[in-house]
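Structural features, examined
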Amino acid sequence: MTRKTLTLLALAAAPAALLAQTVPAPVPASEIFTREQIGHALSPPTPQAGRTNASAAGAPADDGQWTMPSKNYASTRFSSLTEINPSNVSHLVPVVTFSLGVNKGQEAAPIVADNTMFVVTAYPNIVYALDLSKPGVPLKWRYMPKPLPAAQGVACCDVVNRGGTYSKGHYIFTTLDGQVISLDAKTGKPAWKVRLGNINLGETITMAPLVAKGKVYVGNSGGEMGVRGWVTALDEATGKIAWKAYGTGPDADVLIGTNFHPFYKSDQGKDLGVKTWPADAWKIGGATMWGWITYDPDTNTVLHGTGNPGPWNAEQRPGDNKWTTGMFARDPDTGQAKWYYQFSPHDEHDYDGINEQILLDMPFGGKMRKVIFRPERNGYVYIMDRYTGQVLSADPFGPTNSSKGVDLQTGRLIINPAKETKLGQQVRDICPTASGAKDWNPSSFSPRTGLVYIPHENLCMDWTNMQVNYIAGTPYVGAEVHMKPGPGGNRGVLTAWDPVMRKPVWEVPENFPIWSGTVVTASDIVFYGTMDGWFKAVNARTGQPLWQFKVSSGIISQPISYRGPDGHQYIAVLSGVGGWSGAIVSGPIDPRDGSAALGFVNAMVDLPKYTTPGGTLYVFALPH
Amino acid sequence: MSSRFPIEAALALGLVALAGCQKKGDAPTPPSGQGSQGGVVASALYPGLDHSVVTIDPRASKYYDNADAVAAGMKLYKAYNCSGCHSNGGGGMGVDLMDDQWIYGGRLEQIHQTIVEGRPNGMPAWGGKIPDEQIWQIATYVRSMSLPATLAAQTGPTPSQNPAPVPRSADEHAGWSPPPNTASDYGSTMQGPTK
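Residues numbered from 1 in each chain as written. Chains lettered and ligands numbered in written order. Predicted model: local features only at pLDDT ≥ 70, side-chain atom pairs only at ≥ 80, totals over all residues.

**Let's talk about the overall build of chain B**
For the record, the criterion: Numbered from the N terminus, helices here are DSSP runs of H or I no shorter than four residues, and strands are runs of E no shorter than two. Each residue is classified by how many other C-beta atoms fall within 10 Å of its C-beta atom, where C-beta atoms are placed from the backbone; a count of 20 or more means buried, 12 or fewer means exposed, and values in between mean partly exposed. Here, residues touch in the contact sense if the C-beta positions derived from the backbone fall within 7 Å of one another.
Secondary structure assignment for chain B yields seven helices and zero strands. Counting from the amino terminus, helix and strand elements in chain B follow one another as α-α-α-α-α-α-α. Across the 195 residues that make up chain B, the buried fraction comes to 44%. Taking as baseline every contact in chain B between residues at least 6 positions apart, the subset at least 24 positions apart corresponds to 62%.

**Quick notes on the environment of A:K71**
Residue and element names in this part refer to chain A. Summarising the element assignment, K71 is placed in the loop between strand 1 (40–41) and strand 2 (78–79). K71 sits in the buried class, given 25 other C-beta atoms within 10 Å. C-alpha of K71 to C-alpha of P60: the two residues are eleven residues apart in sequence and 10.0 Å apart in space. In this view, K71 contacts W66, T76, R77 and F78; residues no more than four positions away in its chain are not counted.

**Describing the sheet that holds strand 6 (residues 127–131) of chain A**
Strand pairing in a sheet relies on backbone hydrogen bonds. The paired strands run either parallel or antiparallel. Residues and elements named next belong to chain A. Stated formally: The rule for pairing is simple: two strands pair if DSSP sees at least two bridges between them. To get an axis, a line is fitted to the C-alpha atoms, and for a helix only the part in contact is used. The angle between two axes follows their N-to-C directions and goes from 0 to 180 degrees.
Pairing is antiparallel across the open sheet formed by four strands, whose spatial order is 4-5-6-7. Two strands bound the open sheet, and with one partner strand each, they are strand 4 (111–113) and strand 7 (139–143). The sheet shows a mean angle of 20° between the axes of neighbouring strands, direction not considered. Judged from the five bridges that link them, strand 5 (residues 116–120) and strand 6 form a sheet pairing that is antiparallel. Opposite V120, over in strand 6, you have V127 as the bridge partner.

**Side note on the sheet that holds strand 10 (residues 179–184) of chain A**
Residues and elements named next belong to chain A. Spatial ordering of the open sheet is given by 8-9-10-11, a layout of four strands whose pairing is antiparallel. Taken across any chain shown, the strands that pair with only one partner, and hence form the sheet edges, are strand 8 (165–167) and strand 11 (190–195). Averaged over neighbouring strand pairs, the angle between their axes works out to 20° when direction is ignored. Note: strand 10 against strand 11, five bridges, orientation antiparallel. Residue pairing for strand 11: V180 is matched across the bridge by V194.

**Here we look at helix 2 (residues 67–79) of chain B**
Residue and element names in this part refer to chain B. Put simply, the rule is: Multiplying 1.5 Å by the residue count of a helix minus one yields the expected span of that helix. Relevant arc is that of directions from the helix axis to the C-beta atoms, nothing else.
Helix length check: helix 2 (13 residues) gives 19 Å between terminal C-alpha atoms against 18 Å at 1.5 Å per residue, within 8%. The set of residues buried in helix 2 consists of A69, V70, G73, M74 and Y77. The buried residues of helix 2 occupy an angular sector of 140° when the element is viewed end-on, so they sit on one face. Directly beyond the C-terminal end of helix 2, a positive phi value near 65° is found at N81.

**Description of unusual backbone geometry**
Residues and elements named next belong to chain A. Backbone torsion omega between G310 and P311 reads -5°, so that peptide bond is classified as cis. Assignment of secondary structure puts P311 in the loop between strand 17 (301–305) and strand 18 (326–330). Residue P432 follows C431 across a cis peptide bond; omega there is -5°. Looking at where P432 falls in the secondary structure, it is placed in the loop between strand 26 (426–430) and strand 27 (444–446). Even without a glycine there, the phi angle at D280 is positive, about 65°. Mapped onto the elements of the fold, D280 is located in the loop between helix 4 (272–275) and strand 16 (293–296). The exposure class assigned to D280 is exposed, which follows from the 9 C-beta atoms found within 10 Å.

**Looking at the packing of helix 4 (residues 108–117) of chain B against helix 5 (residues 132–145) of chain B**
Residue and element names in this part refer to chain B. Applied cut-off: Any angle between 65 and 115 degrees counts as roughly perpendicular, while under 35 counts as roughly parallel, over 145 as roughly antiparallel, and the rest as oblique. Each crossing is labelled by how the near helix is turned from the far one, with a counterclockwise turn of less than a right angle marking it left-handed and a clockwise turn marking it right-handed. Put simply, Ala, Val, Leu, Ile, Met, Phe, Trp, Tyr, Cys and Pro go in the nonpolar bin, Asp, Glu, Lys and Arg in the charged bin, and everything else, Gly too, in the polar bin.
Helix 5 packs onto helix 4 with a crossing angle of 120° between their chain directions and a minimal axis gap of 9 Å. Taken as axis vectors, helix 4 and helix 5 run oblique relative to one another. In this structure, helix 4 crosses over helix 5, and the sense of that crossing is right-handed. For the pair helix 4 and helix 5, contact is made by L108, I111, H112, I115 and V116 and by I135, W136, I138, A139, T140, V142 and R143, respectively. Residue composition of the contact of helix 4 with helix 5, by class: nine nonpolar, two polar and one charged.

**Remarks on helix 4 of chain B**
Residues and elements named next belong to chain B. A large share of helix 4 lies buried, amounting to nine of its ten residues. Buried within helix 4 we find L108, E109, Q110, I111, H112, Q113, T114, I115 and V116. Residues of helix 4 that are buried sit in contact with helix 5. G118 sits one or two positions beyond helix 4 and adopts a positive phi of about 75°.

So, in structure tokens, the structure goes:
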């Protein structure tokens, strides 16, 4: 073949490539179920029974700092600061920008404690400490953990980190290669570090640790690599392992004992973490924990979800695949399970159960109940009893047709047979998509409005199962996925959800999936970022846009609100697009392959036209 | 084809192709094949030379213009979960393979070597885990992904499903794209002595 022929062929290839790079047509609205069709509750709304709030133990009075990503144990992400309000927010300006020196997806929340801001970057997980008490917030110290570069090769969805946390003079964070490190917040010197993950088995750590009751709670990532999931508690002072609970396997490994009282029958029985799998499949079955662990002071319980079962090809693992895609309640001291609930038994669509738990006191059935608010990847907002794990209501908040509601008698998700995945057959227009109606990026709750501000996606997908071999340390997926926009074509939505009335109060459509968290303030402003790089403020009562600022790269992180040493209110956020949804920009990815990045590229082919890789801290304030 | 054979034969004997008009006397010593398998050079940078150097592994020859190799490679690429990271060439956990950028070289022997040795930023080392013949076949499929003929055969959002055999001429550029508007001698590196 001559070079001339090669050139001609290259020209001939162009139309096909262009064709593949158009955003697919949205799924028609007729393809999905309505809230009225599939939403269920054990009793009708009783708003007269009281006001929705977070308990004082879960959400103590705001001291103006932001010491953990979720703001408080109740995970409200509510700031009581009011200097910035709807009438002056249009004057917000950036007062500090700081280059993170890493152009990968930045998912972390900045942490503010002791007049210092702490930020951890995506791999290589550099930690910066900035002195908020001085002009220009100079660097106090930086810490380079030097994670193993090879860890990048087993991180499923960009090399992200969801942030560190501050406790007792230490900044505690995780690294991609499976370490947990506690730094002296004043000096940046490590007090301890432990390695918990083995990259040769495909294990990484990307989640933000939680500190409660003198322990650091962390979990592993690797649900796409045939990893066996776990959550472990480390002594906060020494890093020594206090307990470790696996997500699959015999009861002894899962820390299921005599105190285990799951609400529903399907979760009762001995060694279900073995029996609900084909022989030995539980050993490589997933149930990782890379999202949010929550401590509930009201019930003295640690709550955490579990990730997807492996492989994605569900035909290779008949059974309910306990304890994947569910939620555990555990004793914080011993790790012993109290209850468990499975959102998506025998998950066929990669609906990890690792999203945030918001702890609310809410009127339900005529009285105030202590509940968990869980906007789940499978498309439903679950309201669950915090003591028992009983589901009180489950209503769709995103496009849903893979299931037909939750049976509140059995607790079981009602599968739609038409959207079950099959070997060698492309099942089309499954909603929500693999990354869910909502992924890891956390919601916020305002006690003033009683609403939860859910940043989420409006995406569906086509899915083909493929037989996959387990090879340790390599992907164990077995599915070819092509994502596409949901009804309406707007790929993202900010939803203000009323948990009592079980419906949205307002929705703001976004062109791209919203992959950032939200923060809401006592001036009734919700802040969030978009993947094309707008940082936005909207009215918490109406959704009306109030202000926006274009940052250097798309936003997929967690904004915060804090009071600076000068007494003024500041809003901080990281820009730097990436993550699973933004890998098409941050990773070496070719948009001509819609199946790239586990199928997300298909729905995001136009993102590179809007933003470029970056990594910058922005701090906003009113001129003063 | 036949005009190129003597070079490859020379290389097999441990000699190295030097292109263009290298000054005699103070020329740096080109790579001798020490250390790495087959003496394959992964970098286009060779200090002091006025051209790039490629080394040729004669074992690669039989995978050119070989439809069976590329078809076998496609099956193996899926069976060994290469697709899990690199998708159908578009990338994900691993880099994309269907464009014309090659970090560690895009000649068949360079791709083969990358698979055998692994690479520091996350490419596992497969030497000893996958039979060598199969690694060559996978390398052939990977090389095929960015061929114009393979790209032209894409009909939907899933590329690389009808991979074209890798023509011998595809590696004339040594797998490297010369910078635009430069008088490249990548080709002459290969062809130098025979021109």
